[in-house]
Structures are given as C-alpha cells and as structure tokens.
Amino acid sequence: MGKENKLFTANYVFMIFTAIMAFSGNFMIISSTPRYCVEIGGTNSLAGIMTSLHMFAALASRPLWGRWADSIGRKTVFYSGVLLSMLATAGFFFSKTVGALLLARVVFGIGYSAITTANGTIVTDLIPRERLSEGLAFYGVASITAQAIAPPIALALYRDSFNAVLLFLTGIWLCCLLFAKLIRYDEKALLKSHRAPEGRSAGHGGVIEKTAVRASATITLMALAATAVSSFVVLLGADRGIENIGSFFTFSAAGLLVSRVLGASLPRRFGENRVFLLGSGLYIVSFLILSGTYISTVACVAGVFYGLGMGFNFPILNAMAVRNAQPHRRGAATATFNLGQDAGAIVGGLLFGGLSDLLGFTAVYVAAAGIGLIMLALYFLLLGRSAQKPAAIGSHI
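All values reported here derive from a predicted model rather than from experimental measurement.

**Brief notes about the overall build of the chain**
Here's step 1: Within the chain, the secondary structure is distributed over 17 helices and zero strands.
Here's step 2: At 20 Å, the chain has a C-alpha radius of gyration in line with the 21 Å of a compact globule built from 397 residues.
Here's step 3: A principal-axis box enclosing the C-alpha atoms of the chain has dimensions of 60 × 45 × 35 Å.
Here's step 4: Taking all 397 residues of the chain together, 58% fall into the buried category.

**Side note on the side chain of threonine 334**
Here's step 1: With respect to the helices and strands, threonine 334 occurs in helix 15 (residues 330-359).
Here's step 2: When near neighbours in sequence (up to four residues on either side) are disregarded, threonine 334 contacts Thr116, Thr117, Gly120, Thr121 and Val322.

**Here we look at the environment of threonine 145**
Here's step 1: Position of threonine 145 relative to the elements: it lies in helix 6 (residues 141-158).
Here's step 2: Residues threonine 145 and methionine 21 lie 124 residues apart in sequence; the distance between their C-alpha atoms is 9.4 Å.

**Overview of the environment of lysine 389**
Here's step 1: Structurally, lysine 389 is set in the loop between helix 16 (361-382) and helix 17 (390-394).
Here's step 2: The class for lysine 389 is partly exposed, based on a relative accessible area of 45%.
Here's step 3: Between the C-alpha atoms of lysine 389 and leucine 277, which are 112 residues apart in sequence, the distance is 14 Å.

**A look at the nonpolar core**
Here's step 1: The biggest cluster of nonpolar side chains holds 111 residues, and the ones touching the most others in it are Phe92, Val229, Val233, Phe287, Phe352 and Tyr365.
Here's step 2: A total of 14 residues in this core trace back to one element, the largest contributor, which is helix 1 (residues 10-39).

**Thoughts on the confidence of the model for the chain**
Here's step 1: Summarising the model, the chain shows a mean pLDDT of 85, and 92% of its residues fall at 70 or more.
Here's step 2: Across the chain, the element-wise mean pLDDT spans from 53 in helix 17 up to 95 in helix 16.
Here's step 3: The low-confidence segment residues 196-203 (pLDDT under 50) makes twelve contacts with residues lying over four places distant or belonging to another chain.
Here's step 4: This stretch, residues 392-397, has a pLDDT under 50; its non-local contacts, to residues over four places away or in other chains, come to twelve contacts.

**Observations regarding the layout of surface pockets**
Here's step 1: In this model, the largest pocket occupies a volume close to 350 Å³.
Here's step 2: What lines the largest pocket is a set of 15 residues, and nearest its centre among them are Arg35, Leu155, Arg159, Ile245 and Gly246.
Here's step 3: Listed by contribution, the elements that provide at least two residues to the lining of the largest pocket are helix 6 and helix 10 (233-240).
Here's step 4: Here the element with the most residues in the lining of the largest pocket is helix 10; it accounts for four residues.
Here's step 5: Classifying every residue of the lining of the largest pocket gives eight nonpolar, four polar and three charged.

**Digging into empty space enclosed by the protein**
Here's step 1: In this structure the tally under the stated criterion is five cavities of 30 Å³ or more.
Here's step 2: For the largest cavity, the calculated volume is near 950 Å³.
Here's step 3: Along the wall of the largest cavity there are 43 residues; nearest its centre are Phe23, Asn26, Tyr112, Phe314 and Gln341.
Here's step 4: In this structure, the second largest cavity spans a volume of roughly 60 Å³.
Here's step 5: Looking at the second largest cavity, the residues that line it are Thr124, Ile127, Arg129, Leu132, Val322 and Arg330.

**A look at helix 10**
Here's step 1: The buried count for helix 10 comes to six of eight residues, which makes it a mostly enclosed element.
Here's step 2: Those residues of helix 10 that sit buried are Val233, Val234, Leu235, Leu236, Gly237 and Arg240.
Here's step 3: Glycine 241 sits one or two positions beyond helix 10 and adopts a positive phi of about 70°.

**Some points on the packing of aromatic side chains**
Here's step 1: Per the stated rule, a full pass over the model turns up 18 aromatic pairs.
Here's step 2: Between the aromatic rings of tyrosine 36 and phenylalanine 162, the centroid separation amounts to 4.3 Å while the plane-to-plane angle is 20°, which identifies the pairing as stacked. Placement of the pair is tyrosine 36 in helix 1 and phenylalanine 162 in helix 7 (residues 162-181), with a sequence separation of 126 residues.
Here's step 3: Since its relative accessible area comes to 8%, tyrosine 36 is described here as buried.
Here's step 4: What makes phenylalanine 162 buried here is its relative accessible area of 7%.
Here's step 5: On the basis of an interplanar angle of 75° and a centroid distance of 5.4 Å, the ring pair of tryptophan 65 and tryptophan 68 is categorised as edge-to-face. Remark: tryptophan 68 and tryptophan 65 occur in helix 2 (residues 44-71); sequence separation between them is three residues, near one turn of the helix.
Here's step 6: Classification of tryptophan 65 by relative accessible area gives buried; the value is 9%.
Here's step 7: Note that arginine 240 overlies the ring of tyrosine 294, its terminal NZ or CZ placed 4.7 Å from the centroid.

**What to know about a nonpolar patch on the surface**
Here's step 1: A cluster of nonpolar side chains, namely Phe8, Val13 and Phe17, defines an oily patch on the protein surface of about 250 Å² accessible area.
Here's step 2: Along the chain, valine 13 turns up in helix 1.
Here's step 3: Owing to a relative accessible area of 31%, valine 13 belongs among the partly exposed residues under this scheme.

**Side note on unusual backbone geometry**
Here's step 1: Look at asparagine 244: it is not a glycine, yet its phi comes out positive at around 55°.
Here's step 2: For asparagine 244, the location among the structural elements is in the loop between helix 10 and helix 11 (247-263).
Here's step 3: The exposure class of asparagine 244 is exposed, given its relative accessible area of 56%.

**Things to note about the pattern of salt bridges**
Here's step 1: For the structure shown, the criterion picks out six salt bridges.
Here's step 2: In this structure, arginine 74 and aspartate 70 form a salt bridge, with 2.9 Å as the shortest nitrogen-oxygen distance.
Here's step 3: Across the pair arginine 330 and aspartate 125 runs a salt bridge, and its minimum N-O distance is 3.1 Å. Linking arginine 330 in helix 15 with aspartate 125 in helix 4 (residues 98-126), this pair joins segments that are 205 residues apart in sequence. Each member of the pair, arginine 330 as well as aspartate 125, carries the same accessibility label: buried.
Here's step 4: Where salt bridges share partners, they join Asp70, Arg74, Asp125 and Arg330 into one cluster.

Calculation criteria
Residues numbered from 1 in each chain as written. Predicted model: local features only at pLDDT ≥ 70, side-chain atom pairs only at ≥ 80, totals over all residues. Heavy atoms only, no water. Helix = DSSP H or I, 4+ residues; strand = E, 2+ residues; numbered from the N terminus. Rg over C-alpha atoms; globule rule 2.2 N^0.38 Å. Buried < 20%, exposed > 50% of the residue type's maximum accessible area, 1.4 Å probe, protein only. Contact = heavy atoms within 4.5 Å. Core = buried A, V, L, I, M, F, W, Y, C linked by side-chain atoms within 4.5 Å. pLDDT = per-residue confidence, 0-100. 1 Å grid on protein atoms, 1.4 Å probe; cavity = no way out; pocket = protein on both sides within 12 Å on 5 of 7 lines; lining within 4 Å. Points joined across faces, edges and corners; volume = space filled by probe spheres on them. Nonpolar A, V, L, I, M, F, W, Y, C, P; charged D, E, K, R; others polar. Phe/Tyr/Trp six-rings, centres within 6.5 Å; stacked < 30°, edge-to-face > 60°. Lys NZ or Arg CZ within 6 Å of the ring centre and 35° of its normal. Patch = residues over 30% accessible without salt bridge, like charges linked within 9 Å, V, L, I, M, F, W, Y side chains within 5 Å. Areas by Shrake-Rupley, 256 points an atom, 1.4 Å probe, with all protein chains shown as cover. Salt bridge = Lys/Arg side-chain N within 4 Å of Asp/Glu carboxyl O.

Here it is, written out as structure tokens:
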C-alpha cells in the first residue's frame, strides 16, 4: 500500500489518544451528573431535562462550530471547546442546586460540541479518502476505550464525592490539550487548496451540509434510543437493585471493540446494508433484554449486544455523512451529522425521563426498541440504495 494511503500515521494515532481523553470526559459527566441531580433534590424527569438542555446547547452551537472549523481552523475550535469544558467543570464544583447544575451542563454541552466537531473533522482530514470507513471504524476505538473505563472510574470516584470525579476530569482536559498539541498537519493549506469555486471562502456554503442530511436523520433515531442507556441505565440499576450496573458499560465496550475490529472488514465482504441490518438487530435486542432484567449478568449480556450494534452501525453512518463532502465542507458535514446525535439525545432525555417517572423503566426500554425498528426502516428508505456494495468497498482497500 502506498505511503499516501497509509492509515496509522503519527497524527492519526495522536488523534485517537486525544479523542479517548475527550470521550472519557463526556462519559464521566453523563454517568455521574444524573445521580448527583437526584441526590441534591432533583427527579428522574429533571435528570432527563438536564441531559436535553446539555444536548440542546450542543445542537444550537454545532452549526457555528462546524462553520468555524472550515474557516478559522479545526484546532482553534478544539482548543475553544476544551477551555469551555474546563469552565463547566469548575461550575460543577459550585453546583449545589439543580438550577446551577443545569447551567453547568449547558456550558459543557457547548464546549463538548466544539470538541467533537473539531475532532471529527480533523480525523477525516487525516484518513485517506479510499480508507474512510476503515479509518473511522478504528477511530471508534477511542469511544470504546472511553466507554470501558470512564463510567466505572466515575462511579468509583463518586463513592468518595462528586468533587473527586471533577478533579479527575480536570486532569483529562489537560491531557486533551497535550495530545492535541502533538498533532501536526497544515490544515490552512488543506483548506486553501480545496476552496470552493469562484474564490469563495472555505466556510461558504451554509451551516448545513446537504450530503450529510440523510445520515444525520438516521443517527437521530439511533441517538434517541441510546439515551435510554447513556442517561438512565445507572438509574435502572438503582431502581431494580442490580449490583455492579457499571459493568454494563464495560461489557458494552467489549462488544464495541469486537464490532469495530470486524467493522473494518465485514462491510468489504458483505456490504454496508447487511452489516447495518445485523447491527440494528443486536441493538434492538439489547433494549428488550434491559426492559425485563433484574440480574446483573443478564444486563451485561445486553451490554455486549448494545456495544456490537452501536459498533457496527455508527461507522457506516459516519462514513456516509462525510463521504461525498468536499474537504472545505468537512467541518459542516461533521457538524450536520453530529446535529442528528444532539437532536436525538435532546428528545431522548425528555421522553425517557418522563416515561420512567410515569410508567417505569420497562416502558423506557420497550420504547427504545421500537425506536430502533423505526431507525432501521429509515436507513433503508434514505440510505440503502447509496450504500457501498462489497466489491466497491473491497476495491478501495
């Protein structure tokens, strides 16, 4: 394979380590703050509203971050996001009321939106175009690693105090800055060499990238269902007396790891549609298991299925979102794709928070399974025909 097609460059590896730190920070916040919200006088519904406010802040700011990533630069946006996340972390230290906690989550949502938009754009700059699906699948190991280690660490630290979680989190943001500094590529030259026609600026073309809208719509439903896990599985464990519910995240991370490793090769052999169908089936079954279990071991099995489903589906949708975007529009494409995740999380936080208070957690996870079925139908309606076939993928690797 030629040098120009090399995937595992130093920049790519440093980008993965940077993402591990950033994802870890996010997973620590989303796994610990709902519990803290209830502890200081909130309800499950308020915990859901907190998640929705966080994601609404991310959604509202995401288009601007994407536009700025294409104009003033990806790393500038990244550093801005880390600084805002550090500010939010300081705010959490002083959040003794639900209102203050909600405000800090809003600031964190804006900052994390900048980080993920910048990271997602940088990594697509670094991956050779013909290896995009493969590169994004391996890049997903960052999220897997974070999901495996961050929630258990957060929950262990939380036994001491919420402030212990925040002190650890501060160290994570400093590591983000360190690894990002090691990534060296001339993003300004890249943007300049791929400017839009007729001398328009790199940031021209609007905040939404049209080629990414269909993938964004599909990831919206996937993210909506995922909120039942990210924001409520810890509360499910507490409600049903499931011991060591944090192990769910570890086993889901194991599933993610297996699926991401296989995810770089299965689409080449079987095509994106078949792999997405497999991933969706596993995803839906995981929610059905959670809807009825009171046993830690069974919850861990659900975690494996959930991780496998997420790991097969996410890289396919991500690749579809950025595959046809021009380099000077990759920031907008990444932001458009992430907007779908933000929107899904907003609706999910409100829906599942209210549903858990009214009907309990069985209803939450049955509803999540139903949303997974709708996601699968929408995928084949919007993206099935444009999915890459086995021969087409194999010819690029």
